[in-house]
Amino acid sequence: MSKIIIYDNKNILIADLDRTESRKLRHDFDIASNTQKGQCSVFENEYRAIFKKYKIIHSISLKKQLKKIEKIFKYHKEG
């Protein structure tokens, strides 16, 4: 199981990633212009991350928290 960290200006989300899912969507459009007529297909990829446990940290000094986390992950390697 992997850890995922998402942060913005005020909050840090730390979660245990369970699995990811992706699917490809197709949208069909009718084209009616002076030069072309017919259909156009547009493909769109959708990704989802499913996680089970999470913790939100509210931090005023976000830079200090991020530096601590970066130090932990800099020296941490999974076997």
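One can find the structure itself at the top, above this paragraph.
Summary of the structure given here. (Residues numbered from 1 in each chain as written. Predicted model: local features only at pLDDT ≥ 70, side-chain atom pairs only at ≥ 80, totals over all residues. Heavy atoms only, no water.)

1. Some thoughts on the overall build of the protein chain
Within the protein chain, the regular secondary structure consists of 1 helix and 3 strands. Counted from the first residue to the last, the protein chain has its helices and strands arranged as β-β-β-α. Relative to all contacts within the protein chain whose residues are 6 or more apart in sequence, the contacts with residues 24 or more apart total 52%. A total accessible area of about 7,500 Å² is found for the protein chain, and carbon and sulfur atoms account for 51% of it. (Helix = DSSP H or I, 4+ residues; strand = E, 2+ residues; numbered from the N terminus. Contact = heavy atoms within 4.5 Å. Areas by Shrake-Rupley, 256 points an atom, 1.4 Å probe, with all protein chains shown as cover.)

2. Comments concerning the packing of aromatic side chains
Within the structure shown, the criterion is met by 1 aromatic pair. The interplanar angle of 80° and the centroid separation of 6.0 Å between the aromatic rings of F51 and Y54 together place this pair among those described as edge-to-face. Exposure remark for Y54: the relative accessible area of 54% places this residue in the exposed category. The ring of F43 has K24 sitting right over it, with the charged end atom 5.1 Å from the ring centre. (Phe/Tyr/Trp six-rings, centres within 6.5 Å; stacked < 30°, edge-to-face > 60°. Buried < 20%, exposed > 50% of the residue type's maximum accessible area, 1.4 Å probe, protein only. Lys NZ or Arg CZ within 6 Å of the ring centre and 35° of its normal.)

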